[in-house]
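Summary of structural features
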Amino acid sequence: MRHFNITFQPDGKRVSIHAGASLLEAANFAGIILNSSCGGKGTCKKCTVLIEPDKKQVLACRYIIDCDLTVTVPAASKLYEQKILQHGIDRPVKPTYVKTGTETALGLAVDIGTTTVVAKLIDLITGRLLVAEADFNPQSIHGDDVVSRISYAQSDENLSELQQLIVGCINNLIDRLCKTTGSDRNDIFQMTAVGNTTMTHILLHLPVVQLGQAPYKAHLLDACDITAKELNVKINPGANIRVVENIAGFVGSDTVAAALAVDINLAEKLTLLVDIGTNGELVSGDRNNLYAVSCAAGPALEGARISQGSRAAEGAIESVFINDKDIDVDVIGSKPPTTICGSGIIDAVAVMLDLGVLDSTGRIIKKSDLPPSISKRIITKNNQPAFVIAFTNDGQPAVVLTQQDVREVQLAKAAIAAGVKLLLKKLNITENDIDRILLAGAFGNYIKRASAIRIGLLPNIPEDKIQFVGNAASVGATMILLNTTSRELAGHLARKIQYLEIAHEKEFMNIYTGCMTF
Ligand code: FES
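1. Focus: helix α6 (residues 253-261)
The buried count for α6 comes to nine of nine residues, which makes it a mostly enclosed element. Residues S253, D254, T255, V256, A257, A258, A259, L260 and A261 constitute the buried set of α6. Just downstream of α6 lies D263, where phi reads positive at about 55 degrees.

This is how it looks when you write it as structure tokens:
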């Protein structure tokens, strides 16, 4: 078959790929992961690239290669340039590794997210973190949420492809970790992997079809020990890989690890652990009772499915605030704004509420009902009202939120808020009884607490009771790697945390509908 050379700028990466492949596949082959929220269906328009020399805009997923090309990838189309949260709260644990005579004993803690993968190289004897590396989950070319991955993995062939993609990603991270530290991969004797149930099932090549259908049963809830050789992970072939226990089909070992890292099982007072990623997982309770729910918030709060939404990349609006009756923005990289990321979206909706641009149902108010300082920002886009968040230098709308975008935010925030309400109901308490909220994950780390409360995403409690705990799942994975008591505790927590299946809760729809308003 004929092959063509594709050069990607500004990276300068070049690949040779067969005729008939898409530009999305070629980019992936070159190690450039593009935004592809819709999984290559051509609907999300996030994979836009420019064909040189005349910079013709095309969708990479729809463009079939039939000649040599030079392609420029804008920063906003790339997952690569976005920041990945690697670290979390400091939780040193006593290493319990028993020396077998070798001088060096290393371990690997891996957190497999739907969007990002974080790997840490740890000295098993001292417990010291040597280095951490992160990358985007290359499975993203098959959709940005677990539901798309499940639907792609219906055939054994596709499941194998997804497994190879994640193993390849972990092996690349191992290469980088070993290179940075000058370590020998054969000195890595243990690995711990955590992730949502779909991700760890794919890693183990376990069936995931049933995770996409009610009652959403996991094939495996118990921990699994497997050798590196069996999984084709390039560390010491005899190394044990521990894939940590899941709680349920939609609450996985990453939630167990995060709960372990924050000592939720020791909480004297009511604690709510909130991890909003591509999916939202909530754990609430204290040392006596713990419940978990999974909320299908979708990736709107991460910027996907918002017309000009993106992840946190250069040119994305990350913060929106009121400035003398008008609004102002902060942009990542101090560049002209081209997109808006999750923290900016939440701020924008909060500001629109404060300025009276939105009513309590989320409807954008008529231009004629607003003061001139704000009404200049109301435009029509795609036959619907829209609010201009930022203008270009020559006064054209640069970044807008449309009515449909506001509806997407409402759906996402209602899913999380209803999950919280359901948990509180189960525990027979109210918002006022919450002693602290722990926000885990990248999303939690960058949002403004006041804005999240203003739009009703988080319960209305004093801001100082809301703490950021960073990538708690990765911290928990390290604890499980280093210490046998933590490992046992993880198993204990996975069984102690009771999973509430939202679909089985009769009043959920009512609660959810009630949470849609602002
Ligand atoms: Fe290309 Fe969605 S439009 S991946």
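2. So, the packing of aromatic side chains
Tallied over the full model, the rule gives two aromatic pairs. On the numbers, 5.9 Å between centres and 65 degrees between planes, the contact of Y216 with F250 is edge-to-face. Of this pair, Y216 sits in the loop between α4 (197-203) and β10 (224-227) while F250 sits in the loop between β11 (240-243) and α6; the two residues are 34 residues apart in sequence, bridging distant segments of the chain. Since its relative accessible area comes to 17%, F250 is described here as buried.

3. Section: empty space enclosed by the protein
On inspection of all chains with the given rule, the structure shows three cavities of 30 Å³ or more. Estimated volume of the second largest cavity: approximately 40 Å³. Of all the secondary-structure elements, those providing two or more residues to the lining of the second largest cavity are α6, β12 (271-276) and β13 (280-285). Considered class by class, the residues forming the lining of the second largest cavity number four nonpolar, one polar and two charged.

4. Section: the sheet that holds strand β8 (residues 129-136)
With mixed pairing, the six strands of this open sheet are ordered in space as β8-β7-β6-β9-β11-β10. Every other strand in the sheet has two partners, leaving β8 and β10 as the edge strands with one partner each. Geometrically, the sheet is characterised by an average inter-axis angle of 20 degrees between neighbouring strands, direction not taken into account. Taken together, the four bridges between β10 and β11 define a ladder with antiparallel strand orientation. Residue pairing across strands places T227 opposite N240, the latter belonging to β11. The strands that α6 touches are β6 (106-112) and β9 (188-195); relative to β9, the one it contacts most, it runs at about 100 degrees.

5. A look at the packing of α6 against helix α13 (residues 484-496)
Two elements in contact, α6 and α13, have axes whose closest approach is 9 Å; the angle formed by their N-to-C orientations is 115 degrees. Handedness of the α6/α13 crossing: right-handed. Every residue of α13 that contacts α6 at V256, A259 and L260 is listed here: S486, L489, A490, L493 and A494. For the contact of α6 with α13, a count of residues per class yields seven nonpolar, one polar and no charged.

6. Digging into the pattern of salt bridges
Oppositely charged side chains are able to pair whenever their charged atoms sit close together. Within the structure shown, the criterion is met by 16 salt bridges. The shortest N-O distance in the salt bridge between D225 and R242 comes to 2.9 Å. In this pair, D225 sits in strand β10 while R242 sits in strand β11, placing the two residues 17 residues apart along the sequence. Exposure remark for D225: the relative accessible area of 42% places this residue in the partly exposed category. A residue is classified by how much of its surface remains accessible, and R242, at 13% relative accessible area, is buried.

7. Describing the nonpolar core
In this structure, I317, V320, V357 and I389 are the most contacted members of the largest nonpolar core, which totals 70 residues. Here this core gets twelve residues from one element, more than from any other, and that element is helix α9 (residues 403-426). Sequence-distant contacts of V320, defined by excluding residues within four places in its chain, comprise I327, D328, V329, I340, G344, D347, A348, V351, I389 and K448.

8. Things to note about the pairing of strand β20 (residues 397-402)
Of all six residues in β20, five are buried, a share of seventy percent or more. Taken together, the five bridges between strand β19 (residues 384-391) and β20 define a ladder with antiparallel strand orientation. The residue of β20 that forms the bridge with A390 is V399. Count of turn residues in the β19/β20 antiparallel hairpin: five residues, of which G395 carries a positive phi of about 80 degrees.

9. Here we look at the pairing of β13
Within a regular strand, side chains alternate between the sheet's two faces. A large share of β13 lies buried, amounting to six of its six residues. As defined by bridge partners, β13 adjoins strand β14 (residues 290-295) across six bridges and the pair is classed as antiparallel. Pairing of E281 across the sheet is with S294, part of β14. Between the antiparallel neighbours β13 and β14 lie four residues.

10. Observations concerning α13
Between its first and last C-alpha atoms α13 spans 18 Å; for 13 residues at 1.5 Å apiece the expected length is 18 Å, and the two agree. Among all positions of α13, only S486, R487, A490, G491, L493 and A494 are buried. The arc enclosing the buried residues of α13, seen along the axis, measures out at 160 degrees, which places them on a common side. Counted as exposed and oriented over 90 degrees from the buried face of α13: T485 and E488. Each element contacted by the buried residues of α13 is listed here: β9, β11, α6, β14 and α12 (472-482).

11. So, unusual backbone geometry
A cis amide bond links Q9 to the next residue, P10, at an omega of 5 degrees. With respect to the helices and strands, P10 occurs in the loop between β1 (3-9) and β2 (13-18). Omega for the bond connecting E52 with P53 falls within 30 degrees of zero, at 10 degrees, which places this linkage in the cis form. Take P53: it is sitting in the loop between β3 (48-51) and β4 (56-59). With a phi angle near 55 degrees, H205 is a residue other than glycine that sits in the positive phi range. Tracing the chain through its elements places H205 in the loop between α4 and β10. Residues other than glycine seldom take positive phi values, yet D324 does so here, at roughly 50 degrees. Along the chain, the position of D324 falls in the loop between β15 (316-323) and β16 (326-331).

Rules behind the numbers
Residues numbered from 1 in each chain as written. Predicted model: local features only at pLDDT ≥ 70, side-chain atom pairs only at ≥ 80, totals over all residues. Heavy atoms only, no water. Buried < 20%, exposed > 50% of the residue type's maximum accessible area, 1.4 Å probe, protein only. Helix = DSSP H or I, 4+ residues; strand = E, 2+ residues; numbered from the N terminus. Phe/Tyr/Trp six-rings, centres within 6.5 Å; stacked < 30°, edge-to-face > 60°. 1 Å grid on protein atoms, 1.4 Å probe; cavity = no way out; pocket = protein on both sides within 12 Å on 5 of 7 lines; lining within 4 Å. Points joined across faces, edges and corners; volume = space filled by probe spheres on them. Nonpolar A, V, L, I, M, F, W, Y, C, P; charged D, E, K, R; others polar. Pairing = 2+ DSSP bridges. Axes fitted to C-alpha atoms, helices over the stretch in contact; angles between N-to-C directions. Contact = heavy atoms within 4.5 Å. Left-handed = near helix turned anticlockwise from the far one by under 90°. Salt bridge = Lys/Arg side-chain N within 4 Å of Asp/Glu carboxyl O. Core = buried A, V, L, I, M, F, W, Y, C linked by side-chain atoms within 4.5 Å. Expected span 1.5 Å × (residues − 1). Arc of directions from axis to C-beta.

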